[in-house]
Amino acid sequence: MAALDTDPPHEPRIARVAAAMGDPARSRMLAYLMSGACASAGELARAASVTAATASGHLGRLMDAGLLRCESRGRHRYYQLAGPEVAHALEALALVAERDSHARHWAAPARQRLRAARCCYGHLAGQLGVQLYERLHALQGLQAVPQGFELTAAGRAWLQSLGLQAPQPTRRRYAYACLDWSERRDHLAGQLAESILAHCLAQGWLRRGEGRSVELTPPGLQILLPQLTG
């Protein structure tokens, strides 16, 4: 009689990643890094409301799962999400978590600023991000390609009207749709979207608020918002 196979079943990679995300303290650390900025272990410990020693263990777990990367600057180490796909996965999980209570959650005053505009790993999200994406489509400024979108002549002309030369494509994904957490419609992600947000911040049309929130400035209300709303 053949012996029974008692080896444990292979654990899918997704199970390990989900387990790393699932701890409340680690989830708060990931949420803190959603803007795309770097943070020290001390900053992440405070964000997660844990001690420095506990934070070190959590950060090791997130690194092992491939969710974070670490960069040394002198004697200090800074942590960042491992890439935009991690940010997109977190936003997608938030969509699932709030599918039965979406309207109630986003009616809270504390979330209104995030809903109006926020940073999602270097690109613009929220209502303003959706407006940007839809404006480019209305102008026929984006053309579908296998990897997402490329700019058309109309899209380049619109960016030039804002004083921005379209970035040259690199090996990174240039432009693609990303389902928005609060609006449940697409906003623009990728290299192009990051360049647009950086330009708007440099022009003083937008400024970073608390956490991930982004705010329209008075010049932004006069110059940028009319361009987005048509």
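Owing to the predicted nature of the structure, the values given are computational and were not obtained by experimental measurement.

Parameters at a glance
- Residues numbered from 1 in each chain as written.
- Predicted model: local features only at pLDDT ≥ 70, side-chain atom pairs only at ≥ 80, totals over all residues.
- Heavy atoms only, no water.
- Helix = DSSP H or I, 4+ residues; strand = E, 2+ residues; numbered from the N terminus.
- Buried < 20%, exposed > 50% of the residue type's maximum accessible area, 1.4 Å probe, protein only.
- Contact = heavy atoms within 4.5 Å.
- Salt bridge = Lys/Arg side-chain N within 4 Å of Asp/Glu carboxyl O.
- Pairing = 2+ DSSP bridges.
- pLDDT = per-residue confidence, 0-100.
- Core = buried A, V, L, I, M, F, W, Y, C linked by side-chain atoms within 4.5 Å.
- Phe/Tyr/Trp six-rings, centres within 6.5 Å; stacked < 30°, edge-to-face > 60°.
- Lys NZ or Arg CZ within 6 Å of the ring centre and 35° of its normal.
- Axes fitted to C-alpha atoms, helices over the stretch in contact; angles between N-to-C directions.
- Parallel < 35°, antiparallel > 145°, perpendicular 65-115°, else oblique.
- Left-handed = near helix turned anticlockwise from the far one by under 90°.
- Nonpolar A, V, L, I, M, F, W, Y, C, P; charged D, E, K, R; others polar.

Peer 1: When you look at the overall build of the chain in this model, what are you seeing that I'm missing?
Peer 2: When helices and strands are counted, the chain shows 11 helices and 11 strands. If you line up the chain on its principal axes, its C-alpha atoms span 75 × 45 × 45 Å. Sorting the 230 residues of the chain into buried and exposed places 42% on the buried side.

Peer 1: Help me understand the side chain of Glu194 in this model?
Peer 2: Following the sequence through the fold, Glu194 ends up in helix H10 (residues 191-202). In this structure Glu194 touches Tyr121, Gly122, His123 and Arg172, once residues within four positions along its chain are discounted.

Peer 1: Looking at this structure, how should I read the pattern of salt bridges?
Peer 2: When their charged atoms lie close together, side chains carrying opposite charge are able to pair. Applying the stated criterion across every chain yields a total of 8 salt bridges. When the shortest N-O distance is used, the salt bridge between Arg172 and Glu194 registers 2.8 Å. Here Glu194 lies in helix H10 and Arg172 lies in the loop between helix H9 (153-161) and strand E8 (176-179), a separation of 22 residues in the sequence. Via salt bridges that share partners, Glu91, Arg118, Asp180 and Arg212 belong to a single interconnected network.

Peer 1: Sorry if this is basic, but what is going on with the pairing of strand E2 (residues 68-73) here?
Peer 2: Strand residues, when the strand is regular, have side chains that alternate between the two faces of the sheet. Relative to strand E3 (residues 76-81), E2 is paired through 6 bridges, and the arrangement is antiparallel. The residue of E3 that forms the bridge with Arg73 is His76.

Peer 1: Whenever I open this one, the confidence of the model for the chain confuses me. Can you help?
Peer 2: Detailed reading of the predicted model is not advised wherever pLDDT is low. Here the chain averages 89 in pLDDT, while 94% of its residues score no lower than 70. Mean pLDDT across the secondary structure elements of the chain bottoms out at helix H6 (residues 102-107), with 70, and peaks at H9, with 97.

Peer 1: Explain the sheet that holds strand E1 (residues 39-40) here, please?
Peer 2: The pairing of strands in a sheet comes from backbone hydrogen bonds and takes either a parallel or an antiparallel form. If you walk across this open sheet you meet the 3 strands as E1-E3-E2, and the pairing is antiparallel. Bordering the open sheet on either side are E1 and E2, each of which pairs with just one other strand.

Peer 1: Looking at this structure, I do not really get the nonpolar core. What am I missing?
Peer 2: When a protein is soluble and globular, its nonpolar side chains tend to lie buried together. Within the largest apolar cluster, 28 residues are counted, with the highest numbers of intra-cluster contacts made by Leu142, Leu159, Leu188, Leu192, Ile196 and Leu206. Broken down by secondary-structure element, the contributors of at least two residues to this core are helix H8 (126-138), strand E7 (148-151), H9, H10 and helix H11 (218-229). Per-element tally for this core: the top contributor is H10, with 5 residues. When near neighbours in sequence (up to four residues on either side) are disregarded, Leu192 contacts Leu142, Leu151, Leu159, Pro167, Tyr174 and Ala175. Core analysis: the next-biggest nonpolar cluster, separate from the first, contains 26 residues, Ala45, Ala48, Cys120 and Tyr121 among them.

Peer 1: Help me understand the packing of aromatic side chains in this model?
Peer 2: The way to describe two aromatic rings as a pair is by their centre distance and the angle between their planes. Within this structure, the stated rule accounts for 1 aromatic pair. Sitting over the face of the ring of Tyr78, Arg73 holds its NZ or CZ atom 5.2 Å from the ring centroid. Sitting over the face of the ring of Tyr176, Arg173 holds its NZ or CZ atom 3.8 Å from the ring centroid.

Peer 1: Please explain the environment of Val214 as it appears in this structure.
Peer 2: Relative to the helices and strands, Val214 resides in strand E11 (residues 214-216). Taking the C-alpha atoms as reference points, Val214 and Ala125, separated by 89 residues in sequence, lie 9.1 Å from one another.

Peer 1: Whenever I open this one, the packing of helix H2 (residues 24-32) against helix H3 (residues 41-48) confuses me. Can you help?
Peer 2: Between two packed helices, both the angle of their axes relative to each other and the distance between the axes serve to describe the pair. Between H2 and H3, the least distance of the axes is 8 Å, while the angle of their chain directions is 120°. Relative to H3, the element H2 is oriented oblique. H2 and H3 meet at a crossing whose hand is right-handed. Here H2 contributes Ala25, Arg28, Met29 and Tyr32 to the contact with H3, which in turn contributes Glu43, Leu44, Ala47 and Ala48. When grouped by side-chain class, the residues that make up the contact of H2 with H3 number 6 nonpolar, no polar and 2 charged.

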